[in-house]
Amino acid sequence: MRDPKAPLTVCVGLVAISLATDQPVVVAAALGASVLLYLAAPGRHGLMLRVALGSALLLAVLNPFLAIAGDRVLVAGPNLGLLDLEITVEEILWGVVSGMRLATAIIATSAFLALVDPDRLQALVGRIAPRSALTVALAARLVPALRRDAAQLHEALLVRGAAPADGRVARARQATTLLEPLVATSLDRGVGIAEAMAARGYGGAPFTALPEDPPERGILVLGLGLIALALLLVAGLLPYAVYPQAAPIAEPAALAAAVAILGVGAVAARALGGAR
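Residues numbered from 1 in each chain as written. Predicted model: local features only at pLDDT ≥ 70, side-chain atom pairs only at ≥ 80, totals over all residues. Heavy atoms only, no water.

**Re the packing of aromatic side chains**
- For the structure on display, the rule yields 1 aromatic pair.
- An angle of 45° between the planes, with centres 5.9 Å apart, marks the rings of Trp94 and Tyr243 as tilted. In this pair, Trp94 sits in helix H4 (residues 89-115) while Tyr243 sits in the loop between helix H9 (217-235) and helix H10 (252-272), placing the two residues 149 residues apart along the sequence.
- Look at Trp94 and you get partly exposed, because its relative accessible area is 24%. (Phe/Tyr/Trp six-rings, centres within 6.5 Å; stacked < 30°, edge-to-face > 60°. Helix = DSSP H or I, 4+ residues; strand = E, 2+ residues; numbered from the N terminus. Buried < 20%, exposed > 50% of the residue type's maximum accessible area, 1.4 Å probe, protein only.)

Dropping the structure here:
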């Protein structure tokens, strides 16, 4: 089972880079590397990819109508209070960069969760906050059980003669009748889990730990390199300003950094992809 430190450093580095600079080429490279990691993850599906890209597109479309800034006007229009119908190049560019940042955070997080083993991740978090890690782990494992209970209660309601609900309002009203038995069932299951944990000696002895697998040192070094690049960007490397007038995008240094980021993403995706 894979140690989560190497994927964690890579994903944190990509998100940090997207937040550390306004340079569109560099932010786009961080997004591209995150997509490569996500596509290499085992068992991934397109839901989070669609959510991330849809959120980014929504942010990019809304920003020109909510921001009032920029010197190069594309469409001259009135200001209607909350909506500004004067659209500038800088407003569009800033919306695109902000959308790419949001998409990078969503996709990189999804890729990390798909690449690491949940038990290893819980063990890593448990070193910092053991009680919180246990709570999150139990909640994550009980969500599928809660979903099954809700489906069984709904079937029992239909068997007893309740008519199938038509429309969203009717389904919502029918669902409220299941809340009380669902909560009672969840509490009963929680008591059972607590008794089982007490019977197995939880809290009465030092915690045990899973045997450690050595982290992928090469990927760990690449991830630390991405974090170092993010720190350099914060310190002033590759300065870029969108407002009041956007600087040229395709600068040689920015293109070189983008190629390096995509290269790291491709190497990490190849090494981390496959079975966990």
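**Regarding the side chain of Gln23**
- Topologically, Gln23 is positioned in the loop between helix H1 (5-20) and helix H2 (24-40).
- For Gln23, a relative accessible area of 1% gives the class buried.
- Among all residues touching Gln23, those that are not within four sequence positions of it are Tyr240, Ile249, Glu251 and Ala254. (Contact = heavy atoms within 4.5 Å.)

**Things to note about the nonpolar core**
- The biggest cluster of nonpolar side chains holds 46 residues, and the ones touching the most others in it are Ile17, Val26, Leu37 and Ile261.
- Taken together, the elements giving at least two residues each to this core come down to H1, H2, helix H3 (47-66), H4, H9 and H10.
- Once residues within four sequence positions are removed from consideration, Val26 is found in contact with Ile17, Thr21, Leu233, Leu238, Ala254, Ala257 and Ile261. (Core = buried A, V, L, I, M, F, W, Y, C linked by side-chain atoms within 4.5 Å.)

**Structural notes on the packing of H1 against H9**
- At a minimum axis separation of 8 Å, H1 and H9 run at an interaxial angle of 20°. If you check the angle between H1 and H9, you find them roughly parallel. The hand of the H1/H9 crossing is left-handed. Contacts between H1 and H9 involve Lys5, Ala6, Thr9, Val10, Val12, Gly13, Leu14, Ala16, Ile17 and Ala20 from the former and Ile219, Leu220, Gly223, Leu224, Leu226, Ile227, Leu229, Ala230, Leu233 and Val234 from the latter.
- Of the residues belonging to the contact of H1 with H9, the class tally is 16 nonpolar, 3 polar and 1 charged. (Axes fitted to C-alpha atoms, helices over the stretch in contact; angles between N-to-C directions. Parallel < 35°, antiparallel > 145°, perpendicular 65-115°, else oblique. Left-handed = near helix turned anticlockwise from the far one by under 90°. Nonpolar A, V, L, I, M, F, W, Y, C, P; charged D, E, K, R; others polar.)

**Structural notes on H1**
- Along its 16 residues, H1 runs 22 Å from first to last C-alpha, staying within 8% of the 22 Å computed at 1.5 Å per residue.
- All of the buried residues in H1 are Ala6, Pro7, Thr9, Val10, Cys11, Gly13, Leu14, Val15, Ile17, Ser18 and Ala20.
- Of the surrounding secondary structure, the elements contacted by the buried residues of H1 are H2, H4, H9 and H10. (Expected span 1.5 Å × (residues − 1).)

**With respect to H2**
- The first and last C-alpha atoms of H2 sit 24 Å apart over 17 residues, in line with the 24 Å expected at 1.5 Å per residue.
- Of all the positions in H2, only Pro24, Val25, Val26, Val27, Ala29, Ala30, Leu31, Ala33, Ser34, Leu37 and Tyr38 are classed as buried.
- Elements that come into contact with the buried residues of H2 comprise H1, H3, H4, H9 and H10.
- Where H2 begins, one side-chain oxygen reaches toward the backbone nitrogen of Val25, 3.1 Å away; that side chain belongs to Gln23. (Polar contact = N/O pair within 3.5 Å; in protein donor to acceptor, adjacent residues only side chain to side chain.)

**What about the confidence of the model for the protein chain?**
- This prediction gives the protein chain a mean pLDDT of 85; 91% of its residues lie at or above 70.
- Mean pLDDT across the secondary structure elements of the protein chain bottoms out at helix H5 (residues 118-126), with 74, and peaks at H2, with 96. (pLDDT = per-residue confidence, 0-100.)

**Details of the pattern of salt bridges**
- What the rule picks out here adds up to 3 salt bridges.
- Put simply, Arg101 and Asp22 hold a salt bridge, and the shortest N to O gap is 2.4 Å. Separated by 79 residues along the polypeptide, Arg101 in helix H4 and Asp22 in the loop between H1 and H2 bring together distant segments of the chain.
- Here Arg101 falls in the buried class, since its relative accessible area comes to 13%. (Salt bridge = Lys/Arg side-chain N within 4 Å of Asp/Glu carboxyl O.)

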